[in-house]
Amino acid sequence: MKIKVYRNLWGVQGPRDTAIAAIMDAGYDGIEAILFSPEEHHELRRILRCRRIPFKGTIWTKDAGPSIEGHLRQFSSQLGDLVRTGADSINVIGGYDCWSPGEADRYFEAVLKAGASADMPIAHEIHRNSALFHPTAVKRILPLFPELRLTCDFSHWVVACERLIDDQLDLIRLCGARADHIHTRVGTEEAPQVADIRAPEALPYLLAFERWWDIIWEEQVARGVEISTQCPEFGPPPYLPTLPYSGKPVADLAELCDWQKNRQVARFSQWIASRKGAEKIRP
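The rules behind each value
Residues numbered from 1 in each chain as written. Predicted model: local features only at pLDDT ≥ 70, side-chain atom pairs only at ≥ 80, totals over all residues. Heavy atoms only, no water. Salt bridge = Lys/Arg side-chain N within 4 Å of Asp/Glu carboxyl O. Helix = DSSP H or I, 4+ residues; strand = E, 2+ residues; numbered from the N terminus. Buried < 20%, exposed > 50% of the residue type's maximum accessible area, 1.4 Å probe, protein only. Core = buried A, V, L, I, M, F, W, Y, C linked by side-chain atoms within 4.5 Å. Contact = heavy atoms within 4.5 Å. 1 Å grid on protein atoms, 1.4 Å probe; cavity = no way out; pocket = protein on both sides within 12 Å on 5 of 7 lines; lining within 4 Å. Points joined across faces, edges and corners; volume = space filled by probe spheres on them. Nonpolar A, V, L, I, M, F, W, Y, C, P; charged D, E, K, R; others polar. Pairing = 2+ DSSP bridges. Axes fitted to C-alpha atoms, helices over the stretch in contact; angles between N-to-C directions. Phe/Tyr/Trp six-rings, centres within 6.5 Å; stacked < 30°, edge-to-face > 60°. Lys NZ or Arg CZ within 6 Å of the ring centre and 35° of its normal. Disulfide = S-S within 2.5 Å.

Before going further, it helps to examine the pattern of salt bridges. For the structure shown, the criterion picks out 18 salt bridges. Of the charged contacts in the structure, one is a salt bridge between Arg185 and Glu233, with a shortest N-O distance of 2.7 Å. Taken as a pair, Arg185 in the loop between strand S7 (179–183) and helix H8 (203–222) and Glu233 in the loop between strand S8 (227–231) and helix H9 (253–281) lie far apart in primary sequence, 48 residues in all. With a relative accessible area of 10%, Glu233 lands in the buried category. Arg198 serves as the salt-bridge partner of Asp196, at 2.9 Å between the closest nitrogen and oxygen. Looking at Arg198, the relative accessible area reads 35%, which means it is partly exposed.

Let's shift gears to the nonpolar core. By size, the foremost hydrophobic cluster in this structure holds 73 residues, and its most contacted members are Ile31, Phe55, Ile90, Phe108, Phe154 and Cys175. Considering every element that reaches this core, the biggest residue donor is H8, with eight residues. Residues contacting Cys175, with those up to four places away along its chain left out, are Ile126, Val138, Leu142, Leu150, Cys152, Trp157 and Ile216.

There is about 430 Å³ of room inside the largest pocket. Among the elements of the structure, strand S2 (30–33), strand S3 (55–60) and strand S4 (89–93) are those that each provide at least two residues to the lining of the largest pocket. Taken together, the residues of the lining of the largest pocket sort by class into nine nonpolar, eight polar and eight charged. Lys56, Pro121, Asp180, Ile227 and Thr229 are, among the 16 residues lining the second largest pocket, the residues nearest its centre. When residues of the lining of the second largest pocket are traced back to their parent elements, those giving at least two are strand S1 (2–8), S4, strand S5 (122–125), S7 and S8. By residue class, the composition of the lining of the second largest pocket is nine nonpolar, three polar and four charged.

Moving on, we get to the sheet that holds S5. Around the barrel, which closes on itself, the eight strands sit in the order S1-S2-S3-S4-S5-S6-S7-S8 with parallel pairing between neighbours. Across this sheet, the average inter-strand angle for adjacent strands is 30 degrees, counted without regard to direction. Pairing of S1 with S2, which is carried by three bridges, proceeds in the parallel orientation. Within S2, the residue paired with Asn8 across the bridge is Glu32. Relative to S3, helix H3 (residues 68–85) is tilted by about 160 degrees, and along the sheet it contacts S3, S4 and S5. Relative to the sheet, helix H4 (residues 101–116) contacts S4 and S5, its axis offset from that of S5 by approximately 150 degrees.

Another point: the packing of aromatic side chains. The final tally for this structure, using the stated rule, is 13 aromatic pairs. Geometrically, the ring pair formed by Trp217 and Phe268 is edge-to-face, given 4.9 Å between the ring centres and 85 degrees between the ring planes. One end of the pair, Trp217, is in helix H8; the other, Phe268, is in helix H9, with 51 residues separating them in the sequence. A residue is classified by how much of its surface remains accessible, and Phe268, at 4% relative accessible area, is buried. Through a chain of ring-to-ring contacts, three or more aromatic side chains come together here, namely Tyr96, Trp99, Tyr107, Phe108 and Phe145. Against the face of Tyr28 rests Lys261, its NZ or CZ located 5.1 Å from the ring centre.

Attention now goes to the state of the cysteines. In the structure shown here, the tally under the stated rule is zero disulfides. Cys161 takes part in no disulfide bond, and the closest cysteine sulfur, belonging to Cys175, lies 12 Å away.

Here we take up unusual backbone geometry. The omega angle of the peptide bond from Pro237 to Pro238 is 10 degrees, so this bond is cis rather than trans. Summarising the element assignment, Pro238 is placed in the loop between S8 and H9. Located in the positive-phi region is Glu162, a residue other than glycine, with phi close to 55 degrees. Since its relative accessible area comes to 47%, Glu162 is described here as partly exposed. Unusually for a residue other than glycine, Tyr245 sits at a positive phi of about 75 degrees.

All right, on to empty space enclosed by the protein then. Evaluation of the coordinates by the stated rule reveals one cavity of 30 Å³ or more. Considered as a void within the structure, the largest cavity measures approximately 40 Å³ in volume. Every residue lining the largest cavity is listed: Val92, Ile93, Gly94, Tyr107, Phe108, His124, Glu125, Ser130 and Leu132.

Shape descriptors only; they carry no functional weight alone.
Dropping the structure here:
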C-alpha cells in the first residue's frame, strides 16, 4: 500500500492557480475543496484543464436543515457540479444530526443510490452536524449499509464525546474496514483543532490520533487497498485560534498542514517497513 496526501483549499489565500502550484511544489499529491459558487467552480475547472491533478470535491448539505428531501436535492446538485468541474472522487458531509433512526436510514438509502450512478469513489465523512456526528449513530448505521464508505475525521467525535475515544477501538476498526480517506486534523476534548500541532502540549493528542490512524491502515492493508489517501485538514480561524484583541492567528496554516503531511508520510513509511520486516521473520 502507498500513501497520497491531499491539501484542502480551506483557508488558502490568493489566486487559486498560484496557490495550487505552490501546493503541488510542496509535495502534495492532489487537492480537496468545497466550492461555494459558480465562479469558484469555473475557476477550478479552468485550472484542472491546465493541471491534470487529482481533485477530491466535497459535498456539504448543511443548509438543508432537517429536510431529508432538501439534503438529497443538495447532494444531487452539488454532485453534478463537482463532476462537471473535474472531481475524480467525492467527500460528503451530509445529513442531519437530530434525525430519528428511520429518517437517517431513508437518507442513506436514497443518497447511496444517487451516488452509485456517479461512477467515482464517494465517501461520507464522520462530522459534527451531520448524520455521522457520533459513534452511536455510526455503530448503528454501518451494518445496515455495507456499501457505505467513510472519510474518517475523528476530531469531530473527540469533541462530541468530550474525551479521547480509546474506548471505541472496535468501532474505529469497523470504520477502518470502510475508510477511503482520512482527515489528519488533531483536536481535543474541547476544540476540533489543537492550536499548534508542533507544540509539546499537543503531543498526547497527536499520539492518540495516530493510534487510531494505524488501525485504519491495518484494515486498509487487510482488504487490499493499494492507495491510502489523507488530508491534513487544519482550518483557518476560527478553527485556528487567534490572539485576543489583534485577531492574529497563533500559527501559520500552511506550515501546520505541511508539518503534518511530512510527519505522517514519514511515519507511514516506517509503519510499512516494520510490517514487511515482521513478515520476513515470521516462521
